[in-house]
Structures are given as C-alpha cells and as structure tokens.
Amino acid sequence: MKPKRAGQPHTEPDSDGRLGSPHAHQRIDRHRARARRLTRSLLAATLSLGILAGCASNDSLTQQYRQGDEKGYIAGDFQVVEIPKSARGEAVVFEGVTETGEAVSSDDFLGDVLVVNFWYAACGPCIVEAPLLEQVWQKSKDEDVSFLGVNTYDQPATALSFAKDNGVTYPSVIDVVDGRVKLAFAQVTPIQATPTTLVIDRQGRVAARIIGQLASASILSTLVSDALDEDSP
C-alpha cells in the first residue's frame, strides 16, 4: 500500500459486423489486442508449469478460451477472467487491520488500481506465487497501483514471518477472526480457492480475477495494465 495521490453518435454495423465509427473500431481493436496479449502469457505459463491448482479448487477443467462479453482463460484448476466495465458490480467496501496493526479501508485505494491477494502461510501455491506478486508490485507501484494481501488463516506474527521469508513488501489484512474482508469481496465475485487474486479498478470494482496459483508475473502485469489503461466510466 502506498500514500494516496490525490457519447458517440449511433452508427450501423459495416459488412463484417463491426460498428462503423472509427473510434468504435479502435476500441474493439484494443480489446482484441489485450485479449491476444493475455492469451499468449497464459499459454506460455501453461506450457512451462503444466497443470496448476490452488489449495482448494473445483474439478479440473480443460484449457479453453471463451469468446463473448467476458473473456475466460482456464488451464486445469487455474482460471483468469477479465470483466468488462459494463458487467462489473458495485464497488467493494471493506475495512480491516494489517499485520502491523495499521487500519486500512477501501477508501484508501480509490483512484488506484488495487491488487488483492487471498492467502495463508501454509498454502503451498501461495508460497510459490509470492515472488511473482512481489515482482509485479515492484514494477507497478509507481503507476497508481496498490497491493494488499488478505490473510484468511494466520495471526500477525505468522504473516510477518511469511513476508520476511518470501520477500513480500506490501501489507496484508489479518482476516482470521471474523473473515469480514473476504466476505465483502465474496459478495460481488466468486472466491473459490486459495490463493485467489483480484484486480480492482479505480472505482473500487472487480475488473479481473485469478483463481488458483498465479502462473506467471506477465499475466498479472497484463491485467493491471489493462485496468490502468481504462477510461473513466
């Protein structure tokens, strides 16, 4: 976490079914380019890592790419979904206390793209993905991006030890007592496994979710970049 810094005309479709407006063409082309970029990252990670799984997951799924309003990418139990702005729900409202005793809330992050990672110290995939999360945090922390962990099982001392052992420098909320932070997010998006990583847009809405162990830093970097590049609603 870091300190806070403070309509188109109607057109008919052309012959290939795309909107006739040049601006609409540019938006569609950017969306397709982002989807291709994310697909390449996922394919490379899948080839290098094979089948991935979280500490708790659903039945294994075959790798697939689903066309439509919501782009889903699945390899084994690993899932990445980007949610279009028109399909996002309400902003997530939460508050909690970090492992160092600092109070945090959703208001602290409005205006930033926020990455939220649900984890606990004994979760094997959480240990494996920790350096990847830190890598993206170090790369993006000067670009209106914040990171926040949500520890769902451990006491502060265990969380602090995990951060020291794995080189994690961003804070985590300790959510073991009442689970209210996880519940706040679960009310607007599925949290089916640990680890789960969410990308929150500048308005506090869930823009993307990663269910299961993060396969590569480039996947999360792409999702963060997409959220940063979005225009305000």
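Each remark here, short or long, concerns the structure printed above.
Summarised in this report is the structure supplied together with it. (Residues numbered from 1 in each chain as written. Predicted model: local features only at pLDDT ≥ 70, side-chain atom pairs only at ≥ 80, totals over all residues. Heavy atoms only, no water.)

### Some remarks on the overall build of the protein chain
Definition in use: By the criteria applied, helices consist of DSSP H or I runs no shorter than four residues and strands consist of E runs no shorter than two, each listed in order from the N terminus. To sort residues, take the accessible area from a 1.4 Å probe on protein chains only and compare it with the maximum for the residue type: under 20% means buried, over 50% means exposed, and anything in between is partly exposed. All accessible-area figures derive from a Shrake-Rupley calculation using a 1.4 Å probe, and residue coverage is judged against the displayed protein chains alone.
Looking only at helices and strands, the protein chain features five helices and ten strands. Looking at the 233 residues of the protein chain, the share that counts as buried comes to 47%. Accessible surface computed for the protein chain: about 11500 Å², of which carbon and sulfur atoms make up 52%.

### Focus: the packing of helix α2 (residues 124-140) against helix α5 (residues 217-229)
In a pair of packed helices, the angle between the axes and the distance between the axes together describe the arrangement. Rules: Fitting a line to C-alpha atoms yields each axis, with helices limited to the stretch in contact; the angle taken between N-to-C directions then spans 0 to 180 degrees. Here is the rule for angles: anything less than 35 degrees is roughly parallel, anything more than 145 is roughly antiparallel, 65 through 115 is roughly perpendicular, and the remaining ranges are oblique. With the far helix as reference, a near helix turned anticlockwise by less than a right angle produces a left-handed crossing, and one turned clockwise produces a right-handed crossing. In what follows, residue pairs with any heavy atoms lying within 4.5 Å of each other are defined as contacts. Each residue is assigned to one of three groups, with Ala, Val, Leu, Ile, Met, Phe, Trp, Tyr, Cys and Pro labelled nonpolar, Asp, Glu, Lys and Arg labelled charged, and all others, Gly among them, labelled polar.
Taken N-terminus to C-terminus, the directions of α2 and α5 make an angle of 40 degrees; their axes are 9 Å apart at the nearest point. Relative to α5, α2 is oriented oblique. The hand of the α2/α5 crossing is right-handed. Residue-level inspection shows L132, L133, Q135, V136 and K139 of α2 in contact with α5, the latter providing A217, L220 and S221. Of the residues belonging to the contact of α2 with α5, the class tally is five nonpolar, two polar and one charged.

### Focus: the pairing of strand β9 (residues 196-200)
Here is the rule: Paired strands, in this sense, are two strands between which DSSP finds at least two bridges.
Of all five residues that make up β9, five are buried, and the element is covered over most of its length. Of the two faces of β9, the one holding T196, L198 and I200 and the one holding T197 and V199 are both buried throughout. Here strand β6 (residues 113-119) runs beside β9; their pairing, made up of five bridges, is antiparallel. Note on β9: the bridge partner recorded for N117 is T197. One ladder, built from five bridges, connects β9 with strand β10 (residues 206-211); its direction is antiparallel. If you follow V199 over to β10, its bridge partner there is A208.

### Structural notes on unusual backbone geometry
For the bond running from T194 to P195, omega is 10 degrees, close enough to zero to count as cis. Mapped onto the elements, P195 comes out in the loop between α4 (180-186) and β9.

### Side note on the packing of aromatic side chains
For clarity, the threshold we go by: Aromatic rings from Phe, Tyr and Trp, taking only the six-membered ring of Trp, are treated as a pair when their centres fall within 6.5 Å; an angle between ring planes under 30 degrees marks them as stacked, one over 60 as edge-to-face, and anything in between as tilted.
Following the criterion strictly, the structure yields seven aromatic pairs and no others. On the basis of an interplanar angle of 20 degrees and a centroid distance of 6.3 Å, the ring pair of F94 and F109 is categorised as stacked. Linking F94 in the loop between β3 (78-82) and β4 (95-97) with F109 in the loop between β5 (103-105) and β6, this pair joins segments that are 15 residues apart in sequence. By relative accessible area, which is 7% here, F94 ends up buried.

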